[in-house]
Each structure stands twice: as C-alpha cells, then as structure tokens.
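So you can see what is in the structure, the chains are spelled out below.
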Amino acid sequence: MTALRRRLPAVIVSLIGVLFLVPFAWLVVVAFQQHGTLELSGGGSFTLDHFGQVLHGGFLSALGNSLYLAGGTMVATTVIGVLAAYPLSRFQSRTQRYFVYVLVFLTGLPVVAIIIPTYDFFVAADFINSKFWTVWFMTATALPFGTWIACSFIDAVPRELEEASWIDGMSRWGSLLRIVVPLIVPGMCVVAVYTFVNAWGEFFIPFILLQSQNAPASVTMFSYFGQYNTNYSEIAAFALLYSLPPVALYLIVTRWVGQGFALTGAIKG
Amino acid sequence: MTGLFAGRRVTAITMTAPLVVIVIAFLGWPIVWTLALSLTNKAITGPTALHSSFIGLANYKELFASGSGLVHSIVLSLYYLVASAYIGQALFGFLLAYLMRRCPYPVRAVVGSIVVVSWLIPEIIAAWMWFTLLSDGGTLQQALHGAGVGYSTWLISHPMISVSLANSWRGVAFSFLLFSAALSDIPTDLIEAAQVDGANAWRRLSKIIVPMLSATILVDLVLITLGTLNDFTLIFAMTGGGPGTSSTVLSVFMYQQAFVSFQLAYGTAIAVVLLAVGAVFAVVYIRILRRQGALQVAR
Amino acid sequence: MRQRSLWALGLAGVVGAGLLAACGGSSSSGSSGSGTKTITVEYWTNFDTPGTNATLKLINAAAKQLEAAHPGVKVVTDPITSDSESAYYTKLDLAESSASTSPDVVMEDSFLIGADASAGYIQPIPELSSWSGWSAFPQAMQQISTYNGKIYGAMNSTDVQVIYYDKTVFQKAGIPVPWQPHSWADILAAAKKIKQKDSGVIPAWLYTGTPLGEASSFRGFEVFLNGTNDRIYDDSAKKWEAGGPGFNATWNFLAAMKPYEEPEADWSNPNASETANLTDMPQHKLGMIIDGSWVSTSFVPGGPKPWPGFFTDYGEAKLPTENGSGAGYVDESGGFAWSIPARAPNRSLALDMVETLSSAANIAQFDATDGNLPPRTDATSQPAWSKINKEDPVLTFASSLLQYTTYRPNLPDYTQISTEIAALTGDVSSGSMTAAQAAAAYKAKVTQIVGASNAEEAGS
C-alpha cells in the first residue's frame, strides 16, 4: 500500500505525459499519408513525398526569413529588455513606479489593433517591406513583456552582492555585466526563448508589413490552403518542419546554460 | 533621488533609453492614432474608408448598448481566463511541479520535455492539432468510435471547454517551470521538520509551501492573465469564434468587427475595451504584489 | 560564468551591429534600371487549387505577351498568401490606399468592387466598353463588375450553383433519374421521399448559418430569392428591398426544408463544405447538395481527392425558380475580376495588361486549371478548355447555367447585409426563429443598416 502510494505521483505524471502526446497524433500520421484529410484514417499509403514538395516549395527561403525575424526580435528584446530592467529593478523613485505601470499596461496591448496605423507609418517612413524594420516593430511589441520578466529575475538577485562591488569602486555597468547577468542567465533564456517562440508564430505583423519575398514561414504556410480545396498532408508536413526550429533552439539554449531550464534564481520576491 | 541608483541618474537613463526610444517610436503614435480612430466611423472599405468623420463616443455607445455582443464577449474572455489560465495553467502547473518532485528522474525528464515541447509548438499549429483532435470526424471521435462510444463534437457542443483545453495544453509549461524552480528553492529541512511534527501533505502544502510561494504565484498570475486576455490565434483557428458566437472572446470579437466585417473604427473601440480590461487586472495585481512587498516598486 | 556572460553580451552586440549594418530599408519593387518600366500585378495565391499556381501561370503568360508588344516593359508579380479572404482584402486595400505601394493591376472579388470603388481604391475603366473582347462577355458578366454605371474591372472567372444529387439514393427512394426539379415544391417532395425511404441519409445538404459565412447567403438564400420576383436590391428604384412576398416564400421554403437538412452540428463547422464534399458525398450519405460548380475539381484524377465515382454516381440538376415561372431556372454567380487601382502608377500599361489577361485563350487556360467557369462565351471553344473538359464534363453542364445567372449587389452595404442573411438562415435551420420571425428580423436589420430612406417593401 505504501509502495503504491509512493509510486502514485509517477503514475499520475506519466499518464499526464501520455495524454499530452495525443494531440500530436494527427500531425505525425497525416504528414506521411498520400492523400491526408482531417481524419486519421483513409489517407492512403505511406509516403515522404510531401516533405519533398514542401522543401522544394520555397520553404527554405521562408525559413530564412523566419529565422531573421524571430532571431532578430529575440536578440534585440533580450538585450534591450535586460538592460532596461536593471534600473527598473534597482532604481527607486516615483517615475520608476509609473514606468512599471506603463510597462505592464503595454503588455496588454492587442497588436492586431495597431497594425493599420503602423502600416501607414511604415509606408510614410519607407520602412515597408523591410525585414530589418519589421524586426524593430516586433521588438517594440515584445519588449514590455520581456522587460517585465527580466525585471522579476533581477529582483531576485540580492543587492548585497552588488553593494560590495560598488564600494570597491565598480560602476553600475560593471556590476550589471559581471555580477547580475551571470546570475540571471536562465532568466535571460526564458525571455529569449519566449520571445523567439512568439515571434516565430507571428502571422499578422509580417503579413501586413512584408511582401512575399520577405514572408516568413508563418505566412507561407497558408499557401497550402486553396479557396475550395486544402492539401492536408502537405500542411502536416509543413507544420512538422516548421515546428522544429523552436524546439531546436530550446534544446540548444538549455544545453548551453547547462541547467535543463530549471529557472533557478527565479522569482521569489 | 533615492535607492541604489543615487547619483547614477545618467546611468539609469542611459540603460532605459533604448527601451523608451523603441517603444515610443514604434508604438507611441500607433496607440494614439488607434484611440483617435475609435472615435470615428472609418472602415477598411466603402465610402467611410475615403471620408471618415468624427463621431465622438458613438462606437462606444453602440458597444455598451444591449445586444452588441460586448458583454457576452467579456464574459467569455473571463471564462477563458479562469478555465485555461488560472485552472489549466497556474493550478495545473503547480500540481504538476509538485508531483514531479516525487518522481524518479527519467519520468521527470521525459514528461517535462513533452510538456515543454507543447509550449514550443507555434500557436497556429497547436490550434490545428487540437482542431483535428476534437472536430467532427477527428481523432477523438474515431478513437471513441472504435471503443463503441458516441461522440458529440466537442468543438461544436462545448467550444469554450475545447479551446480552454487546448490553451492549457499549450501554456502549462510556463507556469510549470516557474513553480518547479520556486519549489526547489524551498529548504527541504523546513518541510521535513513539519513532517516530523506530524503535519500531513495537505497541511504542509497549505501552511508552508503555498505561503512561501505566494509571490511566485502572483507574478505567474499577472503574466498569464495579460497573455491569455489577448490570445487570439488559437481560438480563431479552432472555432472561428463559433458556433455562432459561443466562443467569441473579446480578441476574436475585435478581429471580426475590424477585419472581417471591415468596420475598422468599431473594432478599434473593442480593442480599447480589451486594453481597459487588461489594465484593470494589471492594476489589481500590482497593488497586491506591492502590498506583499514582493515587487521592488517604490512606495 | 563571467566569461560566458560577457561573451553572450558581446555576441549580442555583434549581431546587433550586424543588423544595423545590414540596414536595408528596401521598399517594394518600383522602377528598376534605366529605361525599364515595370508594372505590378497583385493577386491572391489562395484563389487557386493548391499546387496548380494557375493565377501565376496566367499572369506570366499574359506578361510574355505584353512584354512582346511593349519592349522595355517588365511585369512584376506581387503574390499575397493569407489565412482568409478578408485578410487578403485588408492587405489589398492597404496597398491600394497609397501611391507608393499601389500596384498597377489587382484581382478583386466582384462583390467587393462597389465597396472598393466608393472607397476610392479602384478606378473606372471606360475603355473596356470599346475593347474588342468586351462583347464576348454576356451582359451579366459585364454588369457584375460595374458600379454606378461605370466599369471597374473585367471578370476572369465565375461560377454557378448546382444541385448535385446521388443517383443511388434517389433510385432507392423511388425518384426517377435523371432528375430535374421544376419548382421548389419538387425539391421538397424529393427530400421528403428520401427521408421516408432511408433515414440514415441526409436528404438535402444546404449551406446555412453564420459559420459558413457568405456561402450561406449566396447558395443558401439568394439562389432561391432570385427565383421569385423579389431581389435584395432594386436596381431601378435604387433601394434595398426589406421584405415582400418573395422573401416570405424563401423563408418559408427554408423553414420547410429544416427536417430534411443536415444537423446543426454539421453546418456549425466552418469546414463543413470539406466534410460534405470529401467525406459525405463519397460515402453516399447525402441525397442532394446545393454547391458550387467547382466541386468536381476535387474529384478529377490529379485533384486533391480523386474519386471517379463522382462522375458516375452523381447527377447534376439546375436550380428551379419558385414555381417554374420566367425562364424556369435561376442561378447566382460570383467570381473575380482584374481591376486597376486608383493610384496605379502606369495606367495605360495597366489597361493593356488587363486586356491581355482577359483574352479568350488566357481565360480558358486559367479557368480550366482552377475549375472555374469562364466569363467569356468564346472561351469554352478554346483548345485549353476542351482538354480539361474531357476529364470533367460537369463543368460543361455548369457553363450552360450561366444563361440563367444573377449576381450579388456590388454595393458597400452588401457585406453587412450578407452577414445578417447568413445569421438568419442559421436561426431558421436551428429552429430558433420561424420564417415569419426571420422575415421581420431581416426587415428591421436592413432598415437599420442602410437607413429607412434607402429601404423599401418589395412590390411597391
């Protein structure tokens, strides 16, 4: 009885794990079917053709665009966010308080609502159809949330650790780079991965601000949907290929950080 | 000037400058323009696309009149928040983190990875995966059919539950990771001492663990609240807001009015309402966090 | 630890600097080198059956012809891929709204021509009326792209609605095939018979309800209304019809069909048409379905779901008017047109391009590939068309229905009214409204949308 009780958490958790795999079923089955449909069965024989068709259908250039947009947004957001989060965490004043309020308020901004004036602005500034400037816009939308998360991580680093170095004459920049940043690397990874994953899946912003040659995979994906017919097997194959980079990034980051993404040093308060 | 940046004002400004410049440059004017737009009758096409006029608060009056669908959408958004975020991610994430600690390493590694991978899948793909799972003729129906059980298409009969399940599946990893880290920071001897004192699992949980984690819990709630209120793609791709308007949360309502019915200004007014709802939650949470002393915000 | 973090920041700095250096404020393609004039054609990639790239091929073929006729001119394509048609329009309208982003030729859905014209996005093309090819377009196809008396585009594709019926199911129910109803009563009678004989079959699959959107208004309501004496819009009086005997008859007919329709769960799914075409039809679960003329394109060899049985097991029938009066049959068509944006940089070249795109040969090839009907009567005698037709005889039948066709009012308010119609068909099908209630609700909503001075009671 006690043995079962001890095993119970593992049983429950394993069951949860299995259930979590269920939604993948359609994706991994239909991608390999000749004529896949919304149903699992009746899709025809096994084939790898669809992967070939997807890869030859401009997937690689779309992938490149996606990497540029998501990667650029990730780097810019992480760097600028951490940088700004430091004084927000350490600097105490009335302005700082309102600043945090505005930041949190901005995280609630529905980007879809502001895309039209952004388009007008981009046209006027000749930023339209530029991946470079689109990255900066996406960064602007990702910064509030990213800064806020980074702020929470920096809050968890005790000030005492820095105070000693300040007495010794180190600058704020120094203590940021040498003391704080090393301790919040997992936190920075959270911001980086979170930003990347969101930017990777972003459709509407690149759809409106970019033209086809600069379109990321999140937009080109829809070329497999016709007005009246849909090529499901190709969509499934595309979806599998398209989902790999975020997963790969996560694996790379956690290996690099070496902590299995355990978010140590995380928000404690 | 107080605090640890005394005399370092220039440094503080320099460090926050990039953030301020970028946000104001790219978001400032669009936000102002959006607020102004909600006071006009501009549409994406049609005569009012060419000649829009200032109509004051008419859009808002129409929105807050009965039968506009606004209240219905707000209710659905709150449902979505409670079900898919608070219960499905925060509570479930906490339970998962708590149970994981009593699991052997292989289980933790494998299930942990599966849960995180679900989080990394792009949102539209997750939406399709769940659509094909729960739709008419989909995976779940076929599986139940094989077992001889009937299936009323959940996507149609219970759309809010369906999208909540999907969003929980997708988002729980974040809360799970947050709580995993926080739980591992609790000194084990504290818990052991309580165990020795005769406290059972429930008392240990409620009297020691949860209070120690209160700050983490609150921060988690703030983060997932704002993310969930704005969530659009998942629901729109799974149900389109339907059947009828039974899953038309605020974000979907806004998109439909602005970009499907082409009533841009009206849709923008809905966006302002959405922003206001988010602001209310944000203010409430910040207040609570400040009182908890958990937030490094000046008093 | 320290080194790693410094390295990380350094890396970030390098990447950031790299981004700055790569500063490419590249805007959309305008004019290229010296002396070359370029024109841009914007189109919607999702229009085509996936994998065919029919629109691109059409534009390329026409581009070759144009470039040969105008040396030094280059045609550039601007494809738009989107998750929905409305997203395409948003992007299109945005591009048309400023001179620096405006293309020269665009592909417009005919029912939005009125809205886009009154928004100042597209410009009139009066030259088309004196173009040699214009007379090959039947009057309906000329009118469909006309707004306020001015021509705003040339149709490149159209469609009709067809009653597809399952011969096996009909024979089992004792209805002789080939079947052709001559009135709405005939349709009802057939549905009734099927229900009596075979309860496992859906006697009639109708497009209804908001989830199916425009399709519900179009082939779930308007194809019936236009078979009465009423219309949605009275062209001569320039008013929207808010109600009348034809409206009432239509609502009554839809209410009468309720017991023979597909269940609400079926039509509540925005992908219902896929399920109906690709699953229900091959499994002989439907008696009849009113759908568009493109349905056969899924089933031809090489299509998304090849099924030769479609061409043997299924028959096609025309849509009757209410009582068989008038021409006896009715239909409704949509389709896309080539238009010229108001701010197009090169209008005269754009005009030439539109005319080249709309040649009989080009249209025949384009529509044959996509399974649409050509809007020109002389296109069906082109070799490209006959080749496809061998595989798909249904398209020949469908093009014979063009003689009966009507089209939607291409006025800006139509979109909102159409949303209302779709919702009301759903209310009638789900039983939450009676026919009379639907008629009253329609009257109230139309009056609200267009204003009382623009609405009238039909027959007045």
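Structural data are supplied above this passage.
Everything numeric here is computed off the predicted structure, so don't read it as measured data. (Residues numbered from 1 in each chain as written. Chains lettered and ligands numbered in written order. Predicted model: local features only at pLDDT ≥ 70, side-chain atom pairs only at ≥ 80, totals over all residues. Heavy atoms only, no water.)

(A) Local environment of the overall build of chain C. Summing up its helical and strand segments, chain C has 18 helices and 17 strands in all. Taken over the C-alpha trace, chain C has a radius of gyration of 25 Å; the compact-globule value for 460 residues is 23 Å, and the two agree within 12%. Projected onto the principal axes, the alpha-carbon positions of chain C cover approximately 75 × 70 × 50 Å. Taking all 460 residues of chain C together, the buried fraction comes to 59%. A separation threshold of at least 6 residues defines the contact pool for chain C, and within that pool the share at least 24 residues apart is 75%. With an accessible surface of roughly 16800 Å², chain C has 54% of that area assigned to carbon and sulfur atoms. Across chain C, the centroid of the 30 positively charged side chains sits 4 Å from that of the 47 negatively charged ones. (Helix = DSSP H or I, 4+ residues; strand = E, 2+ residues; numbered from the N terminus. Rg over C-alpha atoms; globule rule 2.2 N^0.38 Å. Buried < 20%, exposed > 50% of the residue type's maximum accessible area, 1.4 Å probe, protein only. Contact = heavy atoms within 4.5 Å. Areas by Shrake-Rupley, 256 points an atom, 1.4 Å probe, with all protein chains shown as cover. Lys, Arg positive; Asp, Glu negative; His and termini not counted. Charge placed at Lys NZ, Arg CZ, Asp CG, Glu CD.)

(B) Layout of the nonpolar core. Counting residues in hydrophobic clusters, the biggest one holds 333 residues, and the most contacted among them are I125 of chain B together with W179, W251, M288 and M353 of chain C. Sort the elements by how many residues they give to this core and helix α3 (residues 49–90) of chain A lands first, with 16 residues. Setting aside its immediate chain neighbours within four residues, W251 of chain C contacts F221, L424, T425, V428, A435, A438, A439 and Y442 of chain C. (Core = buried A, V, L, I, M, F, W, Y, C linked by side-chain atoms within 4.5 Å.)

(C) Broad picture of the interface of chain B and chain C. Contact with chain B, which involves 17 residues of that partner, is made by 23 residues of chain C. Both sides of the chain B and chain C interface together cover about 1600 Å² of buried area, and 60% of this is carbon and sulfur. Contact with chain C buries area across many residues of chain B, yet T45, I156 and F262 of chain B alone supply 27% of it, more than any other trio. In this structure, the connection of chain B to chain C is made through 0 salt bridges. At the junction of chain B and chain C, the tally comes to 4 residue pairs in polar contact (both at pLDDT 80 or more). For the side of chain B that touches chain C, the elements supplying multiple residues, two or more each, are α2 (47–50) and α14 (250–260) of chain B. Looking at the side of chain B that touches chain C residue by residue, the class counts come to 11 nonpolar, 5 polar and 1 charged. (Buried area = accessible area lost by both parts, 1.4 Å probe. Salt bridge = Lys/Arg side-chain N within 4 Å of Asp/Glu carboxyl O. Polar contact = N/O pair within 3.5 Å; in protein donor to acceptor, adjacent residues only side chain to side chain. Nonpolar A, V, L, I, M, F, W, Y, C, P; charged D, E, K, R; others polar.)

(D) Molecular detail of a nonpolar patch on the surface. All names here are of chain B. On the surface, Y79, W154, I161 and L165 cluster together into a nonpolar patch covering about 350 Å² of accessible area. Relative to the helices and strands, W154 resides in helix α8 (residues 154–157). For W154, a relative accessible area of 34% puts it in the partly exposed group. (Patch = residues over 30% accessible without salt bridge, like charges linked within 9 Å, V, L, I, M, F, W, Y side chains within 5 Å.)

(E) Quick peek at the interface of chain A and chain B. Counting residues at the interface gives 96 residues for chain A, matched by 86 residues for chain B. Buried surface at the junction of chain A and chain B, both sides included, amounts to about 8700 Å², of which 79% is carbon and sulfur. Between chain A and chain B we count 0 salt bridges in total. Taken together, the links from chain A to chain B amount to 2 residue pairs in polar contact (both at pLDDT 80 or more). When residues of the side of chain A that touches chain B are assigned to their parent elements, the largest contribution, 12 residues, is made by helix α6 (residues 131–155) of chain A.

(F) Structural context of the packing of aromatic side chains. Inspection of every chain in the model, using the stated rule, returns 73 aromatic pairs over all chains. Between the aromatic rings of F111 of chain C and Y414 of chain C, the centroid separation amounts to 5.9 Å while the plane-to-plane angle is 85°, which identifies the pairing as edge-to-face. In this pair, F111 of chain C sits in the loop between β3 (105–109) and α4 (113–118) while Y414 of chain C sits in helix α17 (residues 414–430), placing the two residues 303 residues apart along the sequence. For the residue pair F111 of chain C and Y414 of chain C, the accessibility class agrees, reading buried in each case. An aromatic cluster is defined as three or more aromatic residues linked by ring pairs; in this entry it consists of F203, F204, F207, F222 and F225 of chain A together with W128, F232, F236, Y255 and F259 of chain B. Above the ring of Y68 of chain A, the side-chain terminus of K131 of chain A is found at 5.3 Å from the ring centroid. (Phe/Tyr/Trp six-rings, centres within 6.5 Å; stacked < 30°, edge-to-face > 60°. Lys NZ or Arg CZ within 6 Å of the ring centre and 35° of its normal.)

(G) How the structure looks around the packing of α3 of chain A against helix α7 (residues 159–167) of chain A. Residue and element names in this part refer to chain A. Two elements in contact, α3 and α7, have axes separated by 13 Å at closest approach and are oriented at 95°. Judged by the inter-axis angle, α3 sits roughly perpendicular to α7. Of the residues in α7, those in contact with Y86, S89 and R90 of α3 are R159, E162 and W166. Its residues assigned to classes, the contact of α3 with α7 shows 2 nonpolar, 1 polar and 3 charged. (Axes fitted to C-alpha atoms, helices over the stretch in contact; angles between N-to-C directions. Parallel < 35°, antiparallel > 145°, perpendicular 65-115°, else oblique.)

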